[in-house]
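Results of the structural survey
Listed here are the chains, written in short residue letters.
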Amino acid sequence: MLTHVVTYAPEEAVHDAAIEDINKEAFGPGRFARAAYRIREGGPHDRSLSFVALNGEHVVGSVRLTPITIGVAAAMLLGPLAVRPAWKKQGIGAALMRTSMDATRLAGHRLVILVGDEPYYAPFGFRAISGHQIEMPAPVDPARFLACELTPRALENVHGRVRHAAMSEG
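So, here is what we can say about the structure in this document.

About the thresholds
- Residues numbered from 1 in each chain as written.
- Predicted model: local features only at pLDDT ≥ 70, side-chain atom pairs only at ≥ 80, totals over all residues.
- Heavy atoms only, no water.
- Helix = DSSP H or I, 4+ residues; strand = E, 2+ residues; numbered from the N terminus.
- Rg over C-alpha atoms; globule rule 2.2 N^0.38 Å.
- Buried < 20%, exposed > 50% of the residue type's maximum accessible area, 1.4 Å probe, protein only.
- Contact = heavy atoms within 4.5 Å.
- Areas by Shrake-Rupley, 256 points an atom, 1.4 Å probe, with all protein chains shown as cover.
- Lys, Arg positive; Asp, Glu negative; His and termini not counted.
- Charge placed at Lys NZ, Arg CZ, Asp CG, Glu CD.
- Phe/Tyr/Trp six-rings, centres within 6.5 Å; stacked < 30°, edge-to-face > 60°.
- Core = buried A, V, L, I, M, F, W, Y, C linked by side-chain atoms within 4.5 Å.

**Quick notes on the overall build of the protein chain**
Along the backbone of the protein chain there are four helices and nine strands. The N-to-C order of helical and strand elements in the protein chain reads β-α-α-β-β-β-α-β-α-β-β-β-β. A globule of 170 residues ought to have a C-alpha radius of gyration of about 15 Å, and the protein chain, at 16 Å, matches this closely. For the C-alpha atoms alone, the extent of the protein chain along its principal axes is close to 50 × 30 × 25 Å. The buried share among the 170 residues of the protein chain stands at 43%. Across the protein chain, contacts joining residues at least 24 apart in sequence account for 68% of those joining residues at least 6 apart. Here the protein chain displays about 9,000 Å² of accessible surface, and carbon together with sulfur accounts for 55% of that area. Taking the average place of the 18 positive charges on the side chains of the protein chain and the average place of its 17 negative ones, the gap between the two points comes to 3 Å.

Right under this line is the structure:
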């Protein structure tokens, strides 16, 4: 029998299948065509900055961060963030966000971007970045293209195409 006790831990390889199931459930097959997914195809996410919400050994939510470059500037791409439907509205997504953003800041990263709903992500420091010369590999709604500056003016002079950090420029 499952209790509603949730703990948070760094993601490990043993969690991969459950995380894939959660993302499939949350985003469906259309997730593979999205701009952020195209970036993530370029290489691995950073497990040290990616976290799971656990009920015992059961993964009920996860968040991943992926190293990227925007032109020549280093940054992180947040997502996907997903929680199993039966576990929503309990603050699990928010706890995963706080945990991952704190770890990202402590690791010395300056900038995190994502594609998502500003009303949800604004409390974590994300704002729309329309007007900046940042190009995603596929069209995104400018109102959903968000950034969080972990250090002051981290977005200043950042421009160019967003790529996985493992992909070479050009």
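**Regarding the side chain of Thr104**
Along the chain, Thr104 turns up in helix H3 (residues 92-106). A relative accessible area of 0% means that Thr104 is categorised as buried. If we ignore the near neighbours within four places in the chain, the residues touching Thr104 are Leu49, Leu65, Met76, His109, Val112 and Leu150.

**Observations concerning the packing of aromatic side chains**
Under the criterion given, the structure shown has three aromatic pairs. Geometrically, the ring pair formed by Tyr120 and Phe124 is tilted, given 5.9 Å between the ring centres and 45° between the ring planes. The class for Tyr120 is partly exposed, based on a relative accessible area of 36%. Here Phe124 falls in the buried class, since its relative accessible area comes to 17%. Where Tyr121 meets Phe126, the ring centres are 6.0 Å apart and the plane angle is 75°; that geometry is what we call edge-to-face. The pair formed by Tyr121 and Phe126 is uniform in burial state, with each residue classed as buried. Pairwise contacts between aromatic rings join Tyr120, Tyr121, Phe124 and Phe126 into one cluster.

**Let's talk about unusual backbone geometry**
A cis geometry characterises the amide bond from Gly79 onward to Pro80, with omega recorded as 0°. Structurally, Pro80 can be placed in strand S4 (residues 73-83). Backbone geometry at Lys89 places phi at a positive 65°, although glycine is not the residue there. When you line up the elements, Lys89 lands in the loop between S4 and H3.

**Some details on the nonpolar core**
Grouped together as the largest cluster of nonpolar side chains are 25 residues, with contacts concentrated most on Leu78, Met97, Met101, Val112, Tyr121 and Phe126. Mapped onto this core, the elements with two or more residues apiece are strand S2 (51-55), strand S3 (58-70), S4, H3, strand S5 (111-115) and strand S8 (145-149). No other element matches the six residues that H3 contributes to this core. Residues contacting Leu78, with those up to four places away along its chain left out, are Val63, Arg64, Leu65, Met97, Ser100, Met101, Val112, Ile113, Leu114 and Tyr121. Of all hydrophobic cores here, the second largest spans 19 residues; its members include Ala36, Met136, Ala138 and Val158.

**Let's talk about the environment of Gly42**
Locating Gly42 in the fold gives a position in the loop between helix H2 (35-40) and S2. Spatially, the C-alpha atoms of Gly42 and His164 are 5.3 Å apart, while their sequence positions differ by 122 residues. Apart from the residues within four sequence positions on either side, Gly42 is in contact with His164, Ala166 and Met167.

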